[in-house]
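# Notes for the structure review
Residues per chain are reported as follows:
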Amino acid sequence: AQKVTQAQTEISVVEKEDVTLDCVYETRDTTYYLFWYKQPPSGELVFLIRRNSFDEQNEISGRYSWNFQKSTSSFNFTITASQVVDSAVYFCALSEPFPIQGAQKLVFGQGTRLTINP
Amino acid sequence: EAQVTQNPRYLITVTGKKLTVTCSQNMNHEYMSWYRQDPGLGLRQIYYSMNVEVTDKGDVPEGYKVSRKEKRNFPLILESPSPNQTSLYFCASRGQNTNQPQHFGDGTRLSIL
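Residues numbered from 1 in each chain as written. Chains lettered and ligands numbered in written order. Predicted model: local features only at pLDDT ≥ 70, side-chain atom pairs only at ≥ 80, totals over all residues. Heavy atoms only, no water.

## Some points on the overall build of chain B
Formally: Working definition: helices are DSSP H or I runs of at least four residues, strands are E runs of at least two. Numbering for both runs from the N terminus. The globule rule is 2.2 Å times the number of residues to the power 0.38, and the radius of gyration it is compared with is taken over C-alpha atoms. Three exposure classes are used, based on accessible area relative to the maximum for each residue type with a 1.4 Å probe and protein chains only: buried under 20%, partly exposed in between, and exposed over 50%. Pairs of residues are marked as contacts when any of their non-hydrogen atoms sit within 4.5 Å. All accessible-area figures derive from a Shrake-Rupley calculation using a 1.4 Å probe, and residue coverage is judged against the displayed protein chains alone. Positive charges are assigned to Lys and Arg, negative charges to Asp and Glu, while His and the chain termini are left out of the count. A single reference atom marks each charge: NZ on Lys, CZ on Arg, CG on Asp, CD on Glu.
A count of helices and strands for chain B gives zero helices and eleven strands. Taken from the N to the C terminus, the helices and strands of chain B come in the order β-β-β-β-β-β-β-β-β-β-β. Computed over C-alpha atoms, the radius of gyration of chain B comes to 13 Å, within 12% of the 13 Å expected from 2.2 N^0.38 for 113 residues, which places it in the range of a compact globule. By the burial criterion, 51% of the 113 residues in chain B qualify as buried. For chain B, long-range pairs separated by at least 24 residues make up 53% of all intrachain contacts whose partners lie at least 6 apart in sequence. When the accessible surface of chain B is summed, it comes to about 5300 Å², and 48% of that surface belongs to carbon and sulfur atoms. One finds the centroid of the 13 positive side-chain charges in chain B at a distance of 4 Å from the centroid of its 10 negative side-chain charges.

So this is what it looks like as structure tokens:
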């Protein structure tokens, strides 16, 4: 069965520090998708990135970057020069394709609560 | 504006009193889903729907019902709520392609006393 593990329950850093959130996944599928979502204190879930299993290129978006390594089944998320507004719970998720075409379940990790202190 | 709308956002109720959480999306998405979020467990899927009149169980369907009579709506029904259903609930939708991200509503916080 698919599984996503975010071993870091909580992380607290001082503003402007770099921080990496770890995500390790398990799947037997050869085709799958990985996602990161942000949940700010207001509670909504905000989509950050999607990565498919055939694309191992790292991605950078402003202060955010993602490191996908199939060899270690990891999809880590780094925030450079963190800011107080980055404080949130971050979820890593793995798509689990069903036999029925088009069906999909997102398997979520437990989440990492990131606190950026001024 | 593309969005998934859930109502109510907050609800406190008592054991056994039937309740419905509504979910509506304006993106003409075929796929819709319900999740619950609990501390230390992340989000777990309750039910999903591939299209109108097509629904199926997720990981934690016990105590819940859903219906999909119209493409835009996917209500979550708790026929006889119990305290262990106190949780934060999210509705999500997505188009046909599995590589698309799911769009989530803002969440509904239910407290069952």
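## Quick notes on the interface of chain A and chain B
Worth spelling out the cut-off: Once two parts are put together, the accessible area they lose, assessed with a 1.4 Å probe and summed over both, is termed the buried area. Whenever a carboxyl oxygen of Asp or Glu lies within 4 Å of a side-chain nitrogen of Lys or Arg, that contact is scored as a salt bridge. Polar contact is defined as a pair of N or O atoms within 3.5 Å, subject to the rule that within protein one atom must be able to donate a hydrogen and the other to accept it, and that residues adjacent in sequence are counted only when both atoms are side-chain atoms.
Taken together, the contacts link 21 residues of chain A with 23 residues of chain B. Approximately 1800 Å² of surface area, both sides summed, lies buried where chain A meets chain B, with 55% of it carried by carbon and sulfur atoms. Our count for the chain A to chain B interface comes out at zero salt bridges. The interface formed by chain A and chain B contains three residue pairs in polar contact (both at pLDDT 80 or more). Listed by contribution, the elements that provide at least two residues to the side of chain A that touches chain B are strand E5 (33–39), strand E6 (46–52) and strand E11 (104–108) of chain A.

## With respect to the layout of surface pockets
In this approach the atoms are scanned with a rolling probe the size of a water molecule, which exposes any empty space left behind. Test applied: Here a cavity denotes a set of grid points, spaced 1 Å apart and computed over the protein atoms alone, in which a 1.4 Å probe fits but from which it cannot get out, and a pocket denotes an open set meeting protein on both sides within 12 Å along at least five of seven lines; residues with an atom within 4 Å of a point are reported as lining. Grid points are joined across faces, edges and corners, and a volume is the space filled by probe spheres set on the points.
Quantified by volume, the largest pocket comes out at close to 620 Å³. Along its surface, the largest pocket is lined by 32 residues, and Gln39, Val89 and Arg113 of chain A together with Gln37 and Arg109 of chain B are the ones closest to its centre. Elements represented by at least two residues in the lining of the largest pocket include exactly strand E10 (88–97) and strand E12 (112–117) of chain A together with strand E4 (31–38), strand E9 (87–94) and strand E11 (108–112) of chain B. The element contributing the most residues to the lining of the largest pocket is E12 of chain A, with four residues.

## Some words on the nonpolar core
Applied cut-off: Each nonpolar core is a collection of buried residues, namely Ala, Val, Leu, Ile, Met, Phe, Trp, Tyr and Cys, held together in the definition by side-chain atoms within 4.5 Å.
Membership of the largest hydrophobic core comes to 24 residues, with the highest contact counts inside it found for Leu21, Trp36, Phe75, Phe77, Tyr90 and Leu114 of chain A. Among the elements that make up this core, the one with the highest residue count is E10 of chain A (four residues). Not counting chain neighbours up to four residues away, the residues in contact with Leu21 of chain A comprise Gln8, Ile11, Trp36, Asn76, Phe77, Tyr90, Thr112 and Leu114 of chain A. Formed by 19 residues, the second largest nonpolar core is a distinct cluster that contains Leu19, Ile46, Val66 and Tyr89 of chain B.

## Description of the confidence of the model for chain A
What counts here: You can read pLDDT as the predictor saying how much it trusts each residue, on a scale of 0 to 100.
The predicted model of chain A has a mean per-residue pLDDT of 90, with 93% of residues at 70 or higher. Between the elements of chain A, mean pLDDT differs from a low of 82, seen in E11 of chain A, to a high of 98, seen in strand E3 (residues 19–21) of chain A.

## Focus on the pattern of salt bridges
Residues and elements named next belong to chain A. Under the criterion given, the structure shown has eight salt bridges over all chains. Residue Arg63 pairs with Asp86 through a salt bridge whose shortest N-O separation is 2.8 Å. Of this pair, Arg63 sits in the loop between strand E7 (59–61) and strand E8 (64–69) while Asp86 is found in the loop between strand E9 (74–79) and E10, placing the two residues 23 residues apart along the sequence. On the basis of relative accessibility, which here comes to 25%, the residue Arg63 falls in the partly exposed class. With relative accessibility at 1%, the residue Asp86 sits in the buried group. Shared partners join several salt bridges into a network, and the residues in it are Arg51, Asp55 and Glu59.

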